[in-house]
Amino acid sequence: MRPWQQQLNLFFIAMGFFTRIPMPKWIEVDADKLNKASRYFGVVGSLIGALSALVYSVMLYWVSPTIAIVFAMISSVFLTGGFHEDGLADTADGLGGGWTVEAKLNIMKDSRLGSYGALALVLALLLKWQLLSELALFDPSSVSLALILGHTLSRVTAASFIFSEQYVSDDASSKSKPLAMHQGVNELSVLLASGAVVLLLLTFIQAVVIVIGLCIVRFGLARLFSKQIGGYTGDTLGAAQQVAELACYLLLLILGASW
């Protein structure tokens, strides 16, 4: 493959990993390419955010912003198959219901939804809707930008765990998809660059606040996951994405959404 074809191949791998959008049949996938594809996780987040924002903008012609937000949330779940939400629920069940590392990991692999997972999922979706609805009070159009920022930066934050943290579950019995377990400097650089691009949509002060806030969230989650299970799993990356997305919306609301 030519260099541009290799990069396109990696992008489609990332898109196939995170979404239900079909990949072209010519795409070549293996463990090494999956690891390298993590560089484009933020770009895929931008795509998901843009499509969700498009649904929101179209629905504004017929319904109120609060209802349009529901449709935008539904579209993002449809695009990803609830991949990250499932990770959040499994992580909540595992960390909340297990007493040992082994027990926590086993609970995360269980396809059944427990009380901790149900509570985390319902509260996260409710908070997401409420934060976006509050943002719409400033300016209904600000929600579209918030969706792009939230989906991109949250995936950049979550994917960066692969670079610095230890992968702790490689059990073949896991119900999770294959997971990128290694991330090089090149992958991290492209990943961070994709986040930096969407930050250009904000003022300098807003961008700095968002970056600092997400760094704090990342540090806290990394400490939590390390203490609880010794590193990260696919489920905890999904949980990190959801928490980081909520943090983005909260920070934008605190800033007053003054675009």
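Residues numbered from 1 in each chain as written. Predicted model: local features only at pLDDT ≥ 70, side-chain atom pairs only at ≥ 80, totals over all residues. Heavy atoms only, no water.

Participant: Which residues make up the pattern of salt bridges, and what values do they have?
Facilitator: The tally for this structure, following the rule as stated, stands at three salt bridges. The shortest N-O distance in the salt bridge between Asp110 and Arg112 comes to 2.7 Å. Here Arg112 falls in the exposed class, since its relative accessible area comes to 64%. In this structure, Lys128 and Glu245 form a salt bridge, with 3.5 Å as the shortest nitrogen-oxygen distance. In this pair, Lys128 sits in helix α7 (residues 115-138) while Glu245 sits in helix α12 (residues 234-254), placing the two residues 117 residues apart along the sequence. Of the two residues, Lys128 and Glu245, both sit in the buried class. (Salt bridge = Lys/Arg side-chain N within 4 Å of Asp/Glu carboxyl O. Buried < 20%, exposed > 50% of the residue type's maximum accessible area, 1.4 Å probe, protein only. Helix = DSSP H or I, 4+ residues; strand = E, 2+ residues; numbered from the N terminus.)

Participant: Quick one: what's the story with a nonpolar patch on the surface, residue by residue and with numbers?
Facilitator: A cluster of nonpolar side chains, contributed by Phe204, Ile205, Val208, Val209, Ile212 and Ile216, occupies part of the molecular surface with about 580 Å² of accessible area. Along the chain, the position of Phe204 falls in helix α11 (residues 204-229). (Patch = residues over 30% accessible without salt bridge, like charges linked within 9 Å, V, L, I, M, F, W, Y side chains within 5 Å. Areas by Shrake-Rupley, 256 points an atom, 1.4 Å probe, with all protein chains shown as cover.)

Participant: Describe the packing of aromatic side chains, naming the residues involved and giving the relevant values.
Facilitator: Under the definition given, this model contains eleven aromatic pairs. Ring centres of Phe11 and Tyr40 lie 6.3 Å apart, and the angle between their planes is 85°; this geometry places the pair in the edge-to-face category. With Phe11 in helix α1 (residues 3-18) and Tyr40 in the loop between α2 (31-37) and α3 (41-59), the pair connects residues that are 29 residues apart, well separated along the chain. Each member of the pair, Phe11 as well as Tyr40, is classed as buried. One Lys or Arg, Arg155, reaches over the ring of Phe18 and ends 5.9 Å from the middle of that ring. Lying over the aromatic face of Phe161, Arg218 brings its terminal NZ or CZ to 4.8 Å of the ring centre. (Phe/Tyr/Trp six-rings, centres within 6.5 Å; stacked < 30°, edge-to-face > 60°. Lys NZ or Arg CZ within 6 Å of the ring centre and 35° of its normal.)

Participant: Quick rundown of the environment of Ile67? Include the residues and the values.
Facilitator: Within the secondary structure, Ile67 is located in helix α4 (residues 65-80). In sequence terms Ile67 and Tyr56 are eleven residues apart; their C-alpha atoms lie 8.9 Å from each other.

Participant: Report on α11, specifying residues and quantitative values.
Facilitator: Between its terminal C-alpha atoms α11 stretches 37 Å, which fits the 38 Å expected from 26 residues at 1.5 Å a residue. Those residues of α11 lying buried are Gln206, Ala207, Ile210, Gly213, Leu214, Val217, Arg218, Leu221, Ala222, Phe225, Gln228 and Ile229. Packing partners of the buried residues in α11 comprise α5 (83-97), α6 (101-109), α8 (142-159), α9 (161-164), α10 (185-199) and α12. (Expected span 1.5 Å × (residues − 1). Contact = heavy atoms within 4.5 Å.)

Participant: Mind laying out the packing of α4 against α7, listing which residues take part and the relevant values?
Facilitator: Where α4 meets α7, the axes come as close as 9 Å, and the angle between the chain directions of the two elements is 135°. When the interaxial angle is binned, α4 and α7 end up oblique. α7 is crossed by α4, and the crossing has right-handed handedness. On α7, the residues touching Pro65, Thr66, Ile69, Val70 and Met73 of α4 are Leu125, Lys128, Trp129, Leu132, Ser133 and Ala136. Tallied by class, the residues present in the contact of α4 with α7 amount to eight nonpolar, two polar and one charged. (Axes fitted to C-alpha atoms, helices over the stretch in contact; angles between N-to-C directions. Parallel < 35°, antiparallel > 145°, perpendicular 65-115°, else oblique. Left-handed = near helix turned anticlockwise from the far one by under 90°. Nonpolar A, V, L, I, M, F, W, Y, C, P; charged D, E, K, R; others polar.)

Function cannot be read off these values alone, since they describe shape.
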